Amino acid sequence: MDVSLVEHLLLNIEETVSIVLFGIGFTILLLHRNLIKKIMGMNIMDTATYLFLASKGYITGRAVPIVVDGIQDVSAYINPVPSGLVLTGIVVSVSTTALMLALTIRLYERYHSLDLDEILILAKEEEQI
Amino acid sequence: MSRKKDNYETSRWKKFKSWVDGETDPLDHGMEAHEAIPPREDIYDSAAHEKAVKEELSKIYGEDRRAVLRARGIRYFQRFYKVMSVVLCLGIIMVLLWTVASLPITGNASNPDNNEVAARYIEKGLQETGAVNIVTGMILDYRAFDTFGESCVLFIGSCCVLVLLRLDGDSKNESIRKMIAESDDRHFEPKNDIILQKCACVLVPIIMIFGVYIVLNGHLSPGGGFSGGAVLGSGLILYLNAFGYGKMGKMFTEKLYKRITLCALTFYCLAKSYSFFTGANHLESGIPLGTPGAILSSGLILPLNICVGLVVACTMYAFYTLFRKGGM
């Protein structure tokens, strides 16, 4: 059972790698107090999702879904749906990254720190005053 | 240029040095640090004053002890937090890996996600959308409202960044004007970098033509509005870096940005609403599909790709200028 599980993970190597990447990104998100590093962790998680989707749409030995020489057989091309979903993901991640970076700039100008804990302490002190 | 840079660095260095020496705490906005309580020599002459000093000292020491205890508590908490977060992440990875181990094997044609939807896109896509690139046909014809949502997400993202970072040049407020003067970073770099300008002269036209090629061939080859728009935006950014805001302002202003984005999004919305309305009611839309493989083919996909490309290029450029200077 255990051996077959590991074998299966090796057969699904793209998914396994994407899960590990996702975990690394999540760990960065939790462990680092620097806001810029948190955004980097978020981007690593995004990348892991793209890898997962792209590997789900792949079929061994088939071509990209661009019709060549009028061949329109299902057995000739990979699945086009996950590719479109990856495109959506990339666009959304670009806009969220820009938004997070803009917020970080404004926070730094206000509190002169990128450390989330320090920012929270300063914000609490401000509230008490 | 070098003199200015020196000044800039010495001021930073000075701040850092004073912080290391314990004179100022940068987090307290330049206030004096806590431990620098000045010794009061004038109150040592009488007993009452001595008592008062002792009381003050004991109070300080009591506070100190409490602070030490609190610091120790925070340290323990931080260690606990780190261990727990690593444990949590490992747990999530284990659960997800377990799930992956029971997923169907990658690259197998009989996987459940390769169902009749994908088959329909591949078999009928060319006839129904006229696009050789099936992914483009899918995202700009079958699922065009999804792509419209994406463009809107990008537009809303750039609006939020604009709200957060924009500095109004005509503002009467003194502090905002000071911020604009501070964010003008042209002082720290050479005015006319001849190497960069010559490279940009060669590279910018090539990059722009390549971007236009990607946008216009979105339905024929890999590419489309999003990737081509990103290439166009990077060309604009390179031009701005080489020649500065003065020359860029003659060509690309905030007004133009607003007009292009608004027109592109409105055209996209109207065109796609029309084609969905006619398609859903089985009416003749009157949009010719053309011969697949020609550049003027596949109905609405080419104009929609151009719209998306314009929106993306403008948004990329707007992001850059806003992050750098707070306005175009």
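Heads up: these notes are all about the structure in this document.

The rules behind the values
- Residues numbered from 1 in each chain as written.
- Chains lettered and ligands numbered in written order.
- Predicted model: local features only at pLDDT ≥ 70, side-chain atom pairs only at ≥ 80, totals over all residues.
- Heavy atoms only, no water.
- Phe/Tyr/Trp six-rings, centres within 6.5 Å; stacked < 30°, edge-to-face > 60°.
- Helix = DSSP H or I, 4+ residues; strand = E, 2+ residues; numbered from the N terminus.
- Buried < 20%, exposed > 50% of the residue type's maximum accessible area, 1.4 Å probe, protein only.
- Lys NZ or Arg CZ within 6 Å of the ring centre and 35° of its normal.
- Contact = heavy atoms within 4.5 Å.
- Buried area = accessible area lost by both parts, 1.4 Å probe.
- Salt bridge = Lys/Arg side-chain N within 4 Å of Asp/Glu carboxyl O.
- Polar contact = N/O pair within 3.5 Å; in protein donor to acceptor, adjacent residues only side chain to side chain.
- Nonpolar A, V, L, I, M, F, W, Y, C, P; charged D, E, K, R; others polar.
- Core = buried A, V, L, I, M, F, W, Y, C linked by side-chain atoms within 4.5 Å.

### Points about the packing of aromatic side chains
Next up, step 1: Applying the stated criterion across every chain yields a total of eight aromatic pairs over all chains.
Next up, step 2: On the numbers, 4.7 Å between centres and 35° between planes, the contact of Tyr121(B) with Tyr142(B) is tilted. Pair noted here: Tyr121(B) is in helix 3 (residues 116-129) and Tyr142(B) is in helix 4 (residues 134-142), with a separation of 21 residues, a long-range link.
Next up, step 3: According to the relative accessible area criterion, Tyr121(B) is buried, its value standing at 11%.
Next up, step 4: Here Phe145(B) and Phe148(B) contribute two aromatic rings whose centre-to-centre distance is 6.4 Å and whose plane-to-plane angle is 70°, an arrangement assigned as edge-to-face. With Phe145(B) and Phe148(B) both in helix 5 (residues 144-165) and three residues apart, the pair spans about one turn of that helix.
Next up, step 5: With relative accessibility at 42%, the residue Phe145(B) sits in the partly exposed group.
Next up, step 6: For Arg110(A), the ring lying beneath its charged end belongs to Tyr111(A), and the centroid distance is 5.5 Å.

### Focus on the interface of chain A and chain B
Next up, step 1: On the side of chain B, 60 residues touch chain A, which itself brings 58 residues to the contact.
Next up, step 2: Of the roughly 5000 Å² buried where chain A meets chain B, counting both sides, 72% is carbon and sulfur surface.
Next up, step 3: Remark: the boundary between chain A and chain B carries zero salt bridges.
Next up, step 4: The interface formed by chain A and chain B holds nine residue pairs in polar contact (both at pLDDT 80 or more) in total.
Next up, step 5: Contributions of two or more residues to the side of chain A that touches chain B are made by helix 1 (2-11), helix 2 (13-31), helix 3 (35-57), helix 4 (81-111) and helix 5 (116-128) of chain A.
Next up, step 6: Here the side of chain A that touches chain B is built from residues that sort into 31 nonpolar, 16 polar and eleven charged.

### A short note on the nonpolar core
Next up, step 1: Counting 31 residues, the largest nonpolar core has Val67(A), Val132(B), Ile134(B), Leu140(B), Tyr268(B) and Leu304(B) as its most contacted members.
Next up, step 2: Every element with two or more residues in this core is listed here: helix 4 of chain A together with helix 3, helix 4, helix 5, helix 9 (254-280) and helix 10 (301-325) of chain B.
Next up, step 3: Tallying contributions element by element places helix 10 of chain B first for this core, with six residues.
Next up, step 4: Other than its neighbours up to four places away in sequence, Leu304(B) contacts Leu140(B), Tyr268(B), Ala271(B) and Lys272(B).
Next up, step 5: Ranked by size, the runner-up nonpolar core spans ten residues in total, among them Ile237(B), Met248(B), Cys314(B) and Tyr317(B).

### Some details on unusual backbone geometry
Negative phi characterises most residues that are not glycine, and trans characterises most peptide bonds.
Next up, step 1: Located in the positive-phi region is His112(A), a residue other than glycine, with phi close to 55°.
Next up, step 2: Take His112(A): it is sitting in the loop between helix 4 and helix 5.

### Here we look at the pattern of salt bridges
Residues and elements named next belong to chain A.
Next up, step 1: Scanning the entire structure with this criterion turns up seven salt bridges over all chains.
Next up, step 2: Close ionic contact of glutamate 15 with lysine 56 constitutes a salt bridge, the shortest N to O distance being 3.2 Å. Here lysine 56 lies in helix 3 and glutamate 15 lies in helix 2, a separation of 41 residues in the sequence. The burial state of glutamate 15 is the same as that of lysine 56; both residues are buried.
Next up, step 3: The partner of arginine 110 in a salt bridge is glutamate 126, and the shortest N-O contact between them spans 3.1 Å. Of the two residues, arginine 110 sits in helix 4 while glutamate 126 sits in helix 5, which places them 16 residues apart along the sequence.
Next up, step 4: Residue glutamate 126 is classed as partly exposed on the basis of its relative accessible area of 36%.

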